[in-house]
Every structure is written in C-alpha cells, then in structure tokens.
Amino acid sequence: MDETVLAADFESHRPHLRAVTMRLLGSPAEADDAVQETWLRLARSDVSEVENLRAWLTTVASRVALSMLRTRGTRAESDLDQAGAEPDTEPDPETRALQADALGAALHVVLERLDPAERLAFVLHDLFAVPFAEIATVVERSPAAARQLASRGRRRVQGGSADAEVDPARRREVVEAFLTAARDGDFAGLITILDPDVELRADRVAVAAAKANPGAPDVEETVHGAEAVARVFSGRARMAQPALLDGMPGVVYAPGGRVYSAFDIVIVDGRIAAIEMIADPDVLAELDVEQL
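Quick caveat, the model's predicted, so the values are computed rather than measured.

Trainee: Explain the packing of helix 3 (residues 53–72) against helix 7 (residues 116–128) residue by residue, including any values.
Mentor: Remark: helix 3 packs on helix 7, axes separated minimally by 9 Å, with the N-to-C direction vectors making an angle of 150°. Taken together, the axis directions place helix 3 and helix 7 in an arrangement best described as roughly antiparallel. Every pair of crossing elements has a handedness; the one defined by helix 3 and helix 7 is right-handed. Only Pro116, Ala117, Arg119, Leu120 and Leu124 of helix 7 make contact with helix 3, whose side of the interface consists of Thr58, Ser62, Leu66, Leu69, Arg70 and Arg72. Looking at the contact of helix 3 with helix 7 residue by residue, the classes come out as six nonpolar, two polar and three charged.

Set out below in structure tokens:
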C-alpha cells in the first residue's frame, strides 16, 4: 500500500486509537506514545491482506498499552493531574465523550485497582465493543478467559471502591435475601433489594435457553431497572442456590451438582447493582465455583 494512502488511513483512525489508549493508560502523553508506536508498527507491516484495518490497529494499540501497563507494575499508575491538565483537541465525538466522562479522577482511581489484563478486557469490551475473540489475542488467553477478565473488571468498577468488598457476610445476606424474595414471588421484596438502576446482562446461551423454555423468564441480553429485573426473577429461582464465584457471593443453578448457569452479582451500598447471567459452558468452565 502506498505510504501516503496508509498514513491517511491511519489518521482517520487516530481519534479512536487515542480514545482507546487514553482509557487504558489514563495519561495523554502515554496515549500519544502508544498511538505513535502503533503507527511505527503499521509502517513496518504488510497489511495488504488485512480486511479490517481499524480492528488491526486497535489490537496493536492495545498490545502496546498493555505492555506499558505491565512495565508500570502489577497496578497501573495514572497521572491524574496531567490527565486533567491536557484536554484532548481531537474533534471526534468518541474522543470528546472520553474527555467528558472518562478522564474523571474517580474512574481512573477505580481502573488503577484492576490488573493490566482486567483493565484491558473491560475497557475494550465494555467501552469499545471489541469482541472477546479479538481481546483474547491481545491478552493471550481463550475468549472465555477474556470474557471473565472483563467481568471481573466490570464487577470491581461497578463496586466503586475497595470498601464495597469489605464485608463478605453482608454480601451473602443480600444474595440470600434476593433468592428468598425471588422464590417466594415477593416482587416488593425484590424491589427493595435491587438498586433502582440495576442492570441484568445475559449471555447469548442464557437468552437462547430462556426462549426455548416456555416456563423460563423472558430474558433479553440487557435488562435495565429494578422493576424490569424483578419481573424476570419474581416467582422463579426455586432450584438456584448461593455459591461463591471467584470468591464472591453469587448464585448458581446446579441440579445434581452440575452447574448449568451462574449469576454473578454486584452489590453496592447493600443493594444489587448488577447481575450477570452466565450459561456459556466455556465461560462457566473458567469460573471458580464453590457451591454453598
């Protein structure tokens, strides 16, 4: 490919790449360095057979950022003062949105608690919709493992702070209260336990299984709000039981001891803020499940 054309193509993707690397690194200077290194790698590569240049560049930029995060140590160290002092001048809406809500100190403080692989999986999937198959090539793990990394990152981000994870006994009480209300069809009780802005996420296997079972709840990939989520669970979950998922209180459906589905639950300020419904066998295999 002609270098002038290649450079023009790269410039068209620069705002996206800088948005990704800013999310991952939290520093404008480091983000610029990562984007520049991505360009250098592109210039040295034969991309004539690459069908999706944006995806290729995102993968390369992510690998560069991951290497930079790992160089910092097991926890990323963002320069928050610098992030606030150097506004991004790119006119792209994606980058402007990044400035508006992603450069806040609170988010970066939480992201710093994630290890590099968790941070990358969470940022790429939840914020930029990169498929887990592509993320897996960056972190050198299976797609199921990449999905679990993103889930763990999401759980910690939604928890907001280390304080949210201090009292496992209290978290277990909330999970058990949720199960009791669901089994009893106690809609009002579920509303009390669920955060008003609770979000239920279901993987495609769980959605397909629900649609194939006339007695199952009508589940979409994403359900928002306490009332909508309460309707999904009210009068159900009779065969579910509390369990530890990667050491955190959750719920499994495991008749006969075999886990068919799991519910990864995020609790914030004593209420359920998010539920992830997992039925994909590959993802379940990656979970450390301890039935209680």
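Back to the text.
Trainee: Account for the side chain of Arg171, with residues named and values stated.
Mentor: Tracing the backbone through its elements, the reader meets Arg171 in helix 10 (residues 168–184). Taking relative accessible area as the criterion, Arg171 reaches 6% and is therefore assigned buried.

Trainee: Go over helix 13 (residues 226–233) with me, naming the residues and quoting the values.
Mentor: Because each turn of an α-helix spans 3.6 residues, side chains separated by three or four positions end up pointing in the same direction. The buried fraction of helix 13 amounts to six of the eight residues, a majority that puts the element mostly inside the structure. Of all the residues in helix 13, the buried ones are Ala226, Ala228, Val229, Ala230, Val232 and Phe233. Downstream of helix 13 by one or two residues, Gly235 has phi in the positive range, about 80°.

Trainee: Got a sec to walk through the sheet that holds strand 3 (residues 240–245)? Specific residues and values, please.
Mentor: Strand pairing within a sheet occurs via backbone hydrogen bonds; the two strands may be parallel or antiparallel. The strand order 2-1-6-5-4-3-7 describes an open sheet built from seven strands, whose pairing is mixed. Unpaired on one side and paired on the other, strand 2 (222–224) and strand 7 (289–291) mark the two borders of the sheet. Strand-to-strand twist in this sheet, taken as the mean axis angle between neighbours without regard to direction, amounts to 25°. Pairing between strand 1 (residues 194–202) and strand 2: three bridges, direction antiparallel.

Trainee: Lay out the packing of helix 7 against helix 8 (residues 132–139) in plain terms, naming residues and giving numbers.
Mentor: Where helix 7 meets helix 8, the axes come as close as 10 Å, and the angle between the chain directions of the two elements is 155°. One way to sum up the angle between helix 7 and helix 8 is to call them roughly antiparallel. When the axes of helix 7 and helix 8 are compared, the crossing they make is right-handed. Of the residues in helix 8, those touching helix 7 at Ala117, Leu120, Ala121, Leu124 and His125 are Phe132, Ile135, Val138 and Val139. Of the residues contributing to the contact of helix 7 with helix 8, the split by class is eight nonpolar, one polar and no charged.

Trainee: Give a description of a nonpolar patch on the surface that names residues and reports values.
Mentor: Residues Met239, Tyr253 and Tyr260 make up a contiguous nonpolar surface patch of roughly 310 Å² in combined accessible area. Looking at where Tyr253 falls in the secondary structure, it is placed in strand 4 (residues 248–253). Taking the relative accessible area as the measure of exposure, Tyr253 reaches 33% and is therefore partly exposed.

Trainee: Run through the layout of surface pockets, naming residues and quoting values.
Mentor: Gaps left between atoms show up when a probe the size of a water molecule is rolled over them. Looking at the second largest pocket, its volume works out to about 430 Å³. At the level of elements, helix 9 (143–159), strand 1 and helix 12 (204–212) are the ones that each hand at least two residues to the lining of the second largest pocket. Residue composition of the lining of the second largest pocket, grouped by class: seven nonpolar, two polar and eight charged.

Trainee: How would you sum up the pattern of salt bridges? Please name residues and give values.
Mentor: In this structure the tally under the stated criterion is eight salt bridges. Notably, a salt bridge pairs Glu37 with Arg44, separated by 3.8 Å at the nearest N-O pair. Note that Glu199 and Arg201 form a salt bridge whose closest N and O atoms lie 2.8 Å from each other. Among the charged side chains, a salt-bridge network with shared partners connects Glu37, Arg41 and Arg44.

Cut-offs used in this document
- Residues numbered from 1 in each chain as written.
- Predicted model: local features only at pLDDT ≥ 70, side-chain atom pairs only at ≥ 80, totals over all residues.
- Heavy atoms only, no water.
- Axes fitted to C-alpha atoms, helices over the stretch in contact; angles between N-to-C directions.
- Helix = DSSP H or I, 4+ residues; strand = E, 2+ residues; numbered from the N terminus.
- Parallel < 35°, antiparallel > 145°, perpendicular 65-115°, else oblique.
- Left-handed = near helix turned anticlockwise from the far one by under 90°.
- Contact = heavy atoms within 4.5 Å.
- Nonpolar A, V, L, I, M, F, W, Y, C, P; charged D, E, K, R; others polar.
- Buried < 20%, exposed > 50% of the residue type's maximum accessible area, 1.4 Å probe, protein only.
- Pairing = 2+ DSSP bridges.
- Patch = residues over 30% accessible without salt bridge, like charges linked within 9 Å, V, L, I, M, F, W, Y side chains within 5 Å.
- Areas by Shrake-Rupley, 256 points an atom, 1.4 Å probe, with all protein chains shown as cover.
- Salt bridge = Lys/Arg side-chain N within 4 Å of Asp/Glu carboxyl O.
- 1 Å grid on protein atoms, 1.4 Å probe; cavity = no way out; pocket = protein on both sides within 12 Å on 5 of 7 lines; lining within 4 Å.
- Points joined across faces, edges and corners; volume = space filled by probe spheres on them.

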